[in-house]
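Overview (structure and organization)
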Amino acid sequence: MTKLALLGGTPLRSTPFPAYRSIGDEEKHAVLAVLDRGILSQFLGTWSPDFFGGPEVQALESEWAAYFGCKHAVAVNSATSGLYAAVGAAGIGPGDEVIVSPYTMSASATAALAYGGIPVFADIDPETFCLDPDSIRQRISPRTRAIIAVDIFGHPAAFGEIMSIAQQHNLLVIEDAAQAPGASLNGRLAGTLAHMGVFSLNYHKTIHCGEGGVIVTDDDKFADRLRLIRNHAEAVIKAKGYQSRDELVNLVGFNYRMTEIEAAIARQQLKKLDSLLVSRIAAAEHLTRRLAGMPGITPPGVASGVKHGYYVFAIKYDAAAVGMPRARFADALRAEGIPIGTGYVEPLYLQPMYQEQIAFGKDGFPFTLGSKEATNYKRGLCPIAEDMHFETVLTTDICHAGIRQDDLDDFVNAVSKVLDHRLDLKEASK
Ligand SMILES: *Cc1c(COP(=O)(O)O)cnc(C)c1O
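Throughout what follows, the structure given in this document is the object of discussion. (Residues numbered from 1 in each chain as written. Predicted model: local features only at pLDDT ≥ 70, side-chain atom pairs only at ≥ 80, totals over all residues. Heavy atoms only, no water.)

1. Section: the site of the ligand
Short version of the rule: Near is defined per residue: the residue qualifies when any heavy atom it owns lies within 4 Å of the molecule or strand. Polar contacts, as counted here, are pairs of nitrogen or oxygen atoms within 3.5 Å of one another; within protein the pair requires one atom able to donate a hydrogen and one able to accept it, and residues that are adjacent in sequence qualify only if both atoms are side-chain atoms. A cavity here means a set of points on a 1 Å grid, drawn over the protein atoms and nothing else, where a 1.4 Å probe fits but cannot get out; a pocket is an open set with protein on both sides within 12 Å along at least five of seven lines, and a residue lines either one if it has an atom within 4 Å of a point. Throughout, a molecule is located in a cavity or pocket provided that more than half of its atoms lie within 2 Å of its grid points. Only Asp, Glu, Lys and Arg are considered charged, only Ala, Val, Leu, Ile, Met, Phe, Trp, Tyr, Cys and Pro nonpolar, and every remaining residue, Gly among them, polar.
Around the ligand, the structure places 14 residues, and the nearest of them are Thr80, Asp176, Ser200, Asn202 and Lys205. Ala79 is positioned such that a nitrogen or oxygen atom in its backbone is 2.8 Å from an oxygen atom of the ligand. In this structure, an oxygen atom belonging to the ligand sits 2.8 Å away from a side-chain N or O atom of Asn202. Its atoms largely coinciding with the cavity grid, the ligand occupies the second largest pocket. The residue inventory of the shell around the ligand, partitioned by class, reads 4 nonpolar, 8 polar and 2 charged.

Right under this line is the structure:
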């Protein structure tokens, strides 16, 4: 057997893995049609038909709502904007506690901060990497108002339990489905499992339009408020005819508007979602099959009733079983020409913003409004998320439509090569 590349041998693979490209002629033609019309965004921040955007935006919204089987879809310029708007629409205010996952993209938690809310981090489930319902229960206090649950890596969170906890405690639930378009739980599509769901259309996601996002909901009032917040709410609420002081809550608007070009691209991408997902699932299942049984390597788990979207393929690595630290294993794989990440994101509460409790202004707003328990962001707060980040998880994003079986086999063969030669590495590090 050949020597490990890390020890001077020949790398198993010398060419880069194919990049994910989902943009084709369909998107090109759609963009050219918008350019020919010459109106690149039709939004107007006054109370008029154009308050709701141009024809591409509105067509995207109705097609999105039809695909996802929900009453309303609201297109915005990013999932970050979508999460902020959802928290605003939900009426979250200063000092309200919002339970979030620490093992996610940072905006899932900053959405609460944006309205003066306090992100309260619950731990994750070590099989799905999504919020653990038991940990959510432990974090509920009289000031808890909402839960933001993330379908991390494309695996829907445990919404059956989460929604019943929410009902019991009268909490609002926002689903961050940025990584999970097309995934499902018991036949219901990710994004539609909570009171509001948020998708991302940024360049890295399963379907994209450069930058963009969509919020879905079945609730008329939320949809109304989302559309107001998207487009300078405060400037139109009088003309729209507001009813009461209560109705004004959080109707400070922003410009979260999506352009006609982005919407035109997103409409074409939505048509491709099913087939793009078939490729992802096939690739992931191939990897899972071939990695199964390798010592110290656990392919991603899939909870019962779940269709996984495999935005990220997350492997659990057992350093004791392999006899090598994770970082060394990853270095050995990279030397073989295999793209591999370690840990995914650091649990969010370890970011300086939470550690120093400085967000808006220099006096600690909104953390100063939170209780001691809610703002305990010490290391050790979420042991599973910390273990996944610091010790256990290896990630790859090679499960996509541009990957061929040879590429997947190179990945598996490299893992197997490093495992077979693990004693050589031990010798070399003596
Ligand atoms: C990508 C992502 C976001 C943010 O999406 P943008 O469209 O870039 O704002 C939010 N949450 C999760 C889980 C994501 O992966």
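2. Regarding the packing of aromatic side chains
How we decide: To pair, rings of Phe, Tyr and Trp, with the six-membered ring standing in for Trp, must have centres within 6.5 Å; the planes then decide the type, stacked if under 30 degrees apart, edge-to-face if over 60, and tilted in the middle. Here a helix means four or more residues in a row that DSSP labels H or I, a strand means two or more in a row labelled E, and each is numbered from the N terminus. Think of it in three bands: residues with accessible area under 20% of the maximum for their type are buried, residues over 50% are exposed, and the middle band is partly exposed, with areas taken using a 1.4 Å probe on protein chains only. As a reminder, the over-ring test applies to NZ of lysine and CZ of arginine, requiring each to be within 6 Å of the ring centre and within 35 degrees of the ring normal.
Throughout the structure, instances matching the rule amount to 21 aromatic pairs. Centroid distance Phe121 to Tyr354: 5.2 Å. Interplanar angle 85°. Geometry classified as edge-to-face. Taken together, the residues Phe121 in strand β3 (residues 118-121) and Tyr354 in helix α12 (residues 352-356) connect sequence positions 233 residues apart. Across this residue pair, the class does not change: Phe121 and Tyr354 are buried. For the pair Phe367 and Tyr377, a centre-to-centre distance of 5.8 Å together with 80° between the ring planes defines the contact as edge-to-face. Remark: Tyr377 occurs in the loop between α12 and α13 (383-392) and Phe367 occurs in the loop between α12 and α13; sequence separation between them is 10 residues. By way of ring pairs, the aromatic residues Phe121, Tyr349, Tyr354, Phe367 and Tyr377 are connected into one cluster. Positioned above the aromatic ring of Phe17 is the side chain of Arg13, whose terminal nitrogen or guanidinium carbon lies 4.0 Å from the ring centre. In this structure, Arg379 packs its charged tip against the face of Phe390, placed 4.0 Å from the ring centre.

3. Section: the nonpolar core
For clarity, the cut-off: Nonpolar cores were defined as sets of buried Ala, Val, Leu, Ile, Met, Phe, Trp, Tyr and Cys residues, with membership established by side-chain atoms within 4.5 Å. We call two residues contacting when some pair of their heavy atoms lies within 4.5 Å.
Core analysis: the largest hydrophobic core is formed by 79 residues, its most contacted members being Phe121, Phe129, Ile136, Ile147, Phe159, Met196 and Tyr354. Take this core: its biggest share by element is 6 residues, from helix α3 (residues 79-89). Beyond its immediate chain neighbours, meaning those up to four positions away, Ile136 contacts Ile99, Ala122, Leu131, Ile147, Ile162 and Ile165.

4. Some remarks on the pattern of salt bridges
We apply this condition: Salt bridge, as applied in this entry: a Lys or Arg side-chain nitrogen positioned within 4 Å of an Asp or Glu carboxyl oxygen.
Summed over the entire model, instances satisfying the criterion amount to 22 salt bridges. A salt bridge links Asp410 to Arg13; the nearest nitrogen and oxygen atoms lie 2.8 Å apart. Note that Asp410 is positioned in helix α14 (residues 405-420) and Arg13 in the segment before α1 (25-37), a separation of 397 residues in sequence. Here the salt bridges do not stand alone but share partners, grouping Arg13, Arg404, Asp406, Asp407 and Asp410 into one network.

5. Considerations on the sheet that holds strand β7 (residues 188-189)
Applied cut-off: Here the rule is simple: two strands pair whenever DSSP picks up at least two bridges between them.
Sheet architecture is open: 3 strands sit in the order β7-β6-β11, paired in antiparallel fashion. In this open sheet, the two edge strands, each paired with only one partner strand, are β7 and β11 (306-307).

6. Brief notes about empty space enclosed by the protein
Test applied: Grid points are joined across faces, edges and corners, and a volume is the space filled by probe spheres set on the points.
Evaluated as defined, the whole model comprises 1 cavity of 30 Å³ or more. By volume, the largest cavity amounts to about 40 Å³. Looking at the largest cavity, the residues that line it are Glu127, Thr128, Phe129, Phe153, His155, Pro300, Gly301, His308, Val312 and Ala314.

7. Quick notes on the sheet that holds strand β4 (residues 144-150)
Counted only if it meets this: The axes used here are C-alpha line fits, helices contributing only the stretch in contact, and every angle between their N-to-C directions lies in the interval 0 to 180 degrees.
Sheet architecture is open: 7 strands sit in the order β1-β9-β8-β5-β4-β2-β3, paired in mixed fashion. Taken across any chain shown, the strands that pair with only one partner, and hence form the sheet edges, are β1 (72-76) and β3. Taking the axes of each pair of neighbouring strands and ignoring which way they run, one obtains an average angle of 25° across the sheet. Alignment of strand β2 (residues 97-100) against β3, held across 4 bridges, turns out to be parallel. By the bridge assignment, Val98 is partnered in β3 with Pro119. This element, helix α2 (residues 55-68), spans β1, β8 (196-200) and β9 (213-217) of the sheet and lies at about 135° to β1.

8. Examining unusual backbone geometry
The residue after Phe365, namely Pro366, is reached through a cis peptide bond having omega 0°. Among the structural elements, Pro366 can be located in the loop between α12 and α13. At Asn170, a residue that is not glycine, the phi angle is positive and equals roughly 60°. Mapped onto the fold, Asn170 is located in the loop between α6 (159-169) and β5 (172-176). The phi angle at His232 is positive, at roughly 55°, despite the residue not being glycine. The residue His232 is located in the loop between α7 (220-230) and α8 (233-240) in this model.

9. A few points about the layout of surface pockets
If you roll a probe as big as a water molecule over the atoms, it shows you where there is empty space left. Within this model, the largest pocket holds a volume of roughly 450 Å³. Taken together, 22 residues line the largest pocket, and the ones lying closest to its centre are Tyr20, His204, Tyr311, Asp397 and His400. Here the second largest pocket defines a volume of roughly 240 Å³. Met105, Ala178, Ser200, Asn202 and Lys205 are, among the 19 residues lining the second largest pocket, the residues nearest its centre. Going through the elements one at a time, α3 and α4 (107-114) are the ones with two or more residues in the lining of the second largest pocket. Here the element with the most residues in the lining of the second largest pocket is α3; it accounts for 3 residues.

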